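Listed below, chain by chain, are the residues.
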Amino acid sequence: MSTNTLSIVIPAHNEEAGLGAVLEGLADADLPGLLEILVVDDGSEDTTGAVAESACQRLPVKVIRHSVNRGYGASLKTGIRAAQGEIVLMMDADGQHSPEDAKNIIHALASDDDMVVGLRGSGSARDVSEADDQQVNARFDHDETQHHLDQIALQHDGGETDQDQQRAGKGV
């Protein structure tokens, strides 16, 4: 990974109690290629935004504010759209993701994989069931990832993708 290519998006709604520890953990992790940390303050009624701004002395934190609570998904979208890094890592503000795990994800992305998916397990703030209590690395080759992205676009746009037309023998 080249330098300054990582954006971290942290949606936060009324997370003044946990956000500071998450940001301190990211500072201590000394992440390679860190360009920015985008904290999306989703209409918080506490000091979430101020907590994020206070971390600006140690980290490249940018605070984006929603004037009203728009929800977790909207906060993710806002952060992803504003991200300037080549790689976007999403973390929660309540500490359920370990900042130290970000290094493992970055290391996995340095290989030829297009996507890395992590699953929290035993010892995280919110444990998963025993059946799911295994580390999961979901790795997709480029063609498979592109196919899934094409399928999402197809569902959104209601049209056929180039790959669908090729599979159906229609050509492009």
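Quick note: structure is the one above.
Residues numbered from 1 in each chain as written. Predicted model: local features only at pLDDT ≥ 70, side-chain atom pairs only at ≥ 80, totals over all residues. Heavy atoms only, no water.

Every buried residue of helix α3 (residues 72-82) is accounted for by Ala-74, Ser-75, Leu-76, Thr-78 and Gly-79. On its buried side, α3 packs onto β1 (6-12), β2 (34-42), β3 (61-66) and β4 (87-90). (Buried < 20%, exposed > 50% of the residue type's maximum accessible area, 1.4 Å probe, protein only. Helix = DSSP H or I, 4+ residues; strand = E, 2+ residues; numbered from the N terminus. Contact = heavy atoms within 4.5 Å.)

To continue, consider helix α1 (residues 16-29). A rise of 1.5 Å per residue sets the reference length of α1, with its 14 residues, at 20 Å; its end C-alpha atoms lie 21 Å apart and thus fit the reference within 8%. Listed in full, the buried residues belonging to α1 are Gly-18, Leu-19, Val-22, Leu-23, Gly-25, Leu-26, Ala-27 and Ala-29. If you follow the buried residues of α1, they end up packed against β1, β2, α2 (48-54), β3 and α4 (101-109). In the segment just after α1, Asp-30 is the residue with positive phi, at about 50 degrees. (Expected span 1.5 Å × (residues − 1).)

Take a nonpolar patch on the surface next. Taken together, the side chains of Ile-80, Val-88 and Met-90 present a nonpolar region at the surface, about 230 Å² in accessible area. Its location among the elements puts Met-90 in strand β4. By relative accessible area, Met-90 is classed as partly exposed at 42%. (Patch = residues over 30% accessible without salt bridge, like charges linked within 9 Å, V, L, I, M, F, W, Y side chains within 5 Å. Areas by Shrake-Rupley, 256 points an atom, 1.4 Å probe, with all protein chains shown as cover. Salt bridge = Lys/Arg side-chain N within 4 Å of Asp/Glu carboxyl O.)

On the basis of which strands lie adjacent, the open sheet formed by four strands has the order β3-β2-β1-β4 and parallel pairing. Whereas interior strands pair on both sides, the edge strands pair on one side only; in this sheet they are β3 and β4. On average, each strand axis in the sheet is inclined to that of its neighbour by 25 degrees, with strand direction left out of account. Sheet topology places β1 next to β4; four bridges connect them, and they run parallel. Note on β4: the bridge partner recorded for Val-9 is Met-90. Strands in contact with α1 are β1, β2 and β3; relative to β1, the strand with the most contacts, it is inclined by about 170 degrees. Of the strands in this sheet, β1, β2, β3 and β4 touch α3, which is tilted by about 150 degrees from β2. (Pairing = 2+ DSSP bridges. Axes fitted to C-alpha atoms, helices over the stretch in contact; angles between N-to-C directions.)

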